[in-house]
Amino acid sequence: MRLIVLLVMSLLLVCSRKNGQNGQRTEEQLTVEVITVTSQRFTEEAIYFGRLEPMETANLICYSGGRVEKINFREGQKVKNGASLASIDGSRAYNMLETARSQLDIARSTLEQLKKHHSRGNASQLSIDQQILTLLNANNQFLDAQKNYRGAFAITPLSGIVTTRFIEQYQELAANTPTFVVSRLDSLKVKFGITESDIYHVEPGSEVILTIPMVQNKSWYGKIMVLARAADQQNRLFSAEAYFDNKNNELKPGTSGRIQLALTTFDSAIVIPTEAIVMEGVQYTVMTVDSGGIVRKKYIETGPQTDHSTMVKKGLNPGERLITAGFQFVREGMAVKINNSGESQ
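No experiment lies behind these values; they were computed from the predicted model shown.

Pairing is antiparallel in the open sheet, where three strands are placed in the order 5-3-7. Two strands bound the open sheet, and with one partner strand each, they are strand 5 (86–88) and strand 7 (172–173). Relative to strand 7, strand 3 (residues 66–71) is paired through two bridges, and the arrangement is antiparallel. Each bridged residue has a counterpart across the sheet, and for Gly 66 the counterpart in strand 7 is Leu 173.

In structure tokens:
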């Protein structure tokens, strides 16, 4: 009998200890971090995407074809306007140009002589008209020979960098074969389309910020230099071009870029971290802590947002303490402990 009494007392003691521990746990308060809501300056932004392109590009073509005799420049090398990047049957192209030049000079001289004879009554108007046609044909042949000459010697019309080479030495080329691409890379441009809702906040000269997804913690600043005055009939976008300095060659043509465009600036706005906002159905809510340390749910109306911040139009006032860490684990009316002093946002 005495043994049974001892067992019952032991069980009661264990249960009382557990209940005491459970009671302590229920009295523990959840710890959260807060910020004090303040009014601040906020700029609404629009995000667009585009591809970096050279400011100018020259696509060189060998119009007459032939054998590649020499290559003077390769990819990545700087060239100046008028430089010959290669020689492709250069002697033939030179001879054709000189022949065309001589024929043009002869046609021009013959016309002058006929005009003198006509003034003396020794030549008819018909002969002059025929010689004018001969001169025009000779001029066209000379222009074609010039074009073939520039193509045969791969003469670049602009200063820049050789970005692409299509030919190899001793290669036999067909007519109209591309040979090189030369680009100006000291400045680059990004083309993109602006929506109807944003176009009224943008004008030529508006500043933009460029970021490259593959380059971390780096931004480039530029300006919109070309802006369409009418929307495209198919996509209803206003085409724009933003220019960026690239004298240090950090930017690479052909890569994709993210354009950040400032729209409207609010001098006094309530701005909170976007991650602190919770969506319940079709409503947005945040959790705050009142002066007594009690959690209060606030229904808010949001406005424009950036990458990490959102403007609040209604539902929050300056001075309120917004929960930024731990809001997922609290509910209306719960008492909480604040881990920080409530730094301003």
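Having seen it, we continue.
Moving on, we get to the pairing of strand 1 (residues 30–36). Where strand 1 lies against strand 18 (residues 336–338), three bridges are found, and the strand directions are parallel. Paired with Thr 31 across the strands is Lys 337, a residue of strand 18. Here strand 1 runs beside strand 17 (residues 321–325); their pairing, made up of four bridges, is antiparallel. What sits directly across from Val 34, in strand 17, is Ile 323.

With 28 residues, helix 3 (residues 125–152) extends 41 Å from end C-alpha to end C-alpha; this agrees with the ideal 40 Å at 1.5 Å per step. Among the residues making up helix 3, those that are buried are Ile 128, Gln 131, Leu 135, Ala 138, Phe 142, Ala 145, Asn 148, Gly 151 and Ala 152. Contacts from the buried residues of helix 3 go to strand 2 (39–62), strand 5 and helix 2 (90–119). Downstream of helix 3 by one or two residues, Ala 154 has phi in the positive range, about 45°.

Summary statistics for the protein chain give a mean pLDDT of 89 and a share of 90% for residues scoring 70 or more. A low-confidence stretch, residues 1–27 (pLDDT under 50), is modelled with zero contacts involving residues beyond four sequence positions or located in other chains.

Criteria and thresholds
Residues numbered from 1 in each chain as written. Predicted model: local features only at pLDDT ≥ 70, side-chain atom pairs only at ≥ 80, totals over all residues. Heavy atoms only, no water. Pairing = 2+ DSSP bridges. Helix = DSSP H or I, 4+ residues; strand = E, 2+ residues; numbered from the N terminus. Expected span 1.5 Å × (residues − 1). Buried < 20%, exposed > 50% of the residue type's maximum accessible area, 1.4 Å probe, protein only. Contact = heavy atoms within 4.5 Å. pLDDT = per-residue confidence, 0-100.

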